[in-house]
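Okay, here's what each chain looks like letter by letter:
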Amino acid sequence: MKTILITSGTKGGTGKTTIAVNMAVILAYELRSKAQYPVVLIDLGLDSGTATLLMLGNVEERMPYTLADYFMGKIPDPLSTFYVKTWQIDSDTFKLVFTASLSQYPSQVRIDRYLLRGLLNAVEAISPLYVIIDTPALGLSYDTLITLLEVSTNAILIAIPDHSSLRAVGNVVNLMRDLKASNKLLKPILNMLNIKYPVDALSGYPWTKLLRDIVGIEPPHVIPYDDLFPIVRQALEIESLKLSFYESPALDSIFKYIDYLMETAPPG
Ligand SMILES: Nc1ncnc2c1ncn2[C@@H]1O[C@H](COP(=O)(O)OP(=O)(O)OP(=O)(O)O)[C@@H](O)[C@H]1O
Ligand SMILES: [Mg+2]
């Protein structure tokens, strides 16, 4: 089981959830014949539940329990927060398991290390090939990040062309160096790059170079700014694989990253 952590450090709105959800769906599709539940998507945005809403639509009444209840100690077993979404494509089907998040109140629920391991044990019991962990930005404490890095086999850092984002990613890289976990770093992603203006006006350097200098490994994978992306991500809710992904440059780019992911951190 490869456990892939998606984070931008403390910087919000970089596209973590959009990328995590699309990666999870595409991987589940590509690996549909390899396991009963090839992919589990864990939504750690405990109160906003953005990934959950993308998967289910706005249907709180269908969610008696969420991960917030689990991490608050209201329910002992995380399994009651697991959902399966099934897509029908022609005569074939594929399934994606995801954990539900969403809380009625703005909460600062602590992601306890012991409970997080309990959650991952429950995930392991259904033998997925990949677990994709979508994390929140603000609210992700240093301690939580350390725990998440411990339980993950790999981490994908997502930055946007913005100095505060580069700084936030740099802090995660430093933390991973301190933890001797730099080997878990996959190629970082530079999301929402305006490919007509790929250079930072302040320094005169391309954003790709600035990010590479910070992360210290391979040049980043670029996902371009794409007007269609918010629409396509909505479309995922409505059985979208019949859509031509190639009409969306951002989704096309996610497909390419998935090829890299399956090669570098193979399923299983
Ligand atoms: N490549 C892209 N091109 C255009 N829009 C994008 C792109 N990537 C993400 N977006 C849009 O940016 C917004 C923020 O995305 P998203 O919610 O995935 O970010 P996030 O990092 O998960 O945010 P948070 O830190 O709040 O969890 C969404 O409206 C999404 O559709
Ligand atoms: Mg998010």
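Residues numbered from 1 in each chain as written. Chains lettered and ligands numbered in written order. Predicted model: local features only at pLDDT ≥ 70, side-chain atom pairs only at ≥ 80, totals over all residues. Heavy atoms only, no water.

Peer 1: Describe in detail the packing of helix H5 (residues 142-151) against helix H6 (residues 163-178), supporting the description with residues and values.
Peer 2: With their axes 11 Å apart at the nearest point, H5 and H6 run at an angle of 60° to one another. Taken together, the axis directions place H5 and H6 in an arrangement best described as oblique. Every pair of crossing elements has a handedness; the one defined by H5 and H6 is right-handed. Residues Tyr142, Leu145, Ile146 and Leu149 of H5 form the contact with H6, whose participating residues are Val172, Leu175 and Met176. Partitioned by chemical class, the residues of the contact of H5 with H6 number 7 nonpolar, no polar and no charged. (Axes fitted to C-alpha atoms, helices over the stretch in contact; angles between N-to-C directions. Helix = DSSP H or I, 4+ residues; strand = E, 2+ residues; numbered from the N terminus. Parallel < 35°, antiparallel > 145°, perpendicular 65-115°, else oblique. Left-handed = near helix turned anticlockwise from the far one by under 90°. Contact = heavy atoms within 4.5 Å. Nonpolar A, V, L, I, M, F, W, Y, C, P; charged D, E, K, R; others polar.)

Peer 1: Would you mind going over the environment of Trp207 in detail, with residue names and values included?
Peer 2: Along the chain, Trp207 turns up in helix H7 (residues 207-215). When the C-alpha positions of Trp207 and Ala159 are compared, they lie 9.9 Å apart, and in sequence the two are 48 residues distant. Dropping the residues within four chain positions of it, Trp207 is found in contact with Pro161, Asp162, His163, Leu166, Leu190, Leu193, Pro198, Val199 and Asp200.

Peer 1: Talk me through unusual backbone geometry; I want residue IDs and the actual numbers.
Peer 2: One non-glycine residue, Lys180, lies in positive phi territory at about 55°. Mapping Lys180 onto the fold places it in the loop between H6 and strand E7 (189-193). Given the relative accessible area of 71%, Lys180 is considered exposed. Of note in this structure, Met192 is not a glycine but carries a positive phi near 60°. Relative to the helices and strands, Met192 resides in strand E7. Among the residues examined, Met192 registers a relative accessible area of 31% and is labelled partly exposed. (Buried < 20%, exposed > 50% of the residue type's maximum accessible area, 1.4 Å probe, protein only.)

Peer 1: Describe the nonpolar core, listing the residues and the values that go with them.
Peer 2: With 47 residues, the main nonpolar core has Met23, Leu27, Leu41, Tyr130, Ile132, Ile156 and Ile254 as its most contacted residues. Formed by 44 residues, the second largest nonpolar core is a distinct cluster that contains Leu119, Val131, Val173 and Leu185. (Core = buried A, V, L, I, M, F, W, Y, C linked by side-chain atoms within 4.5 Å.)

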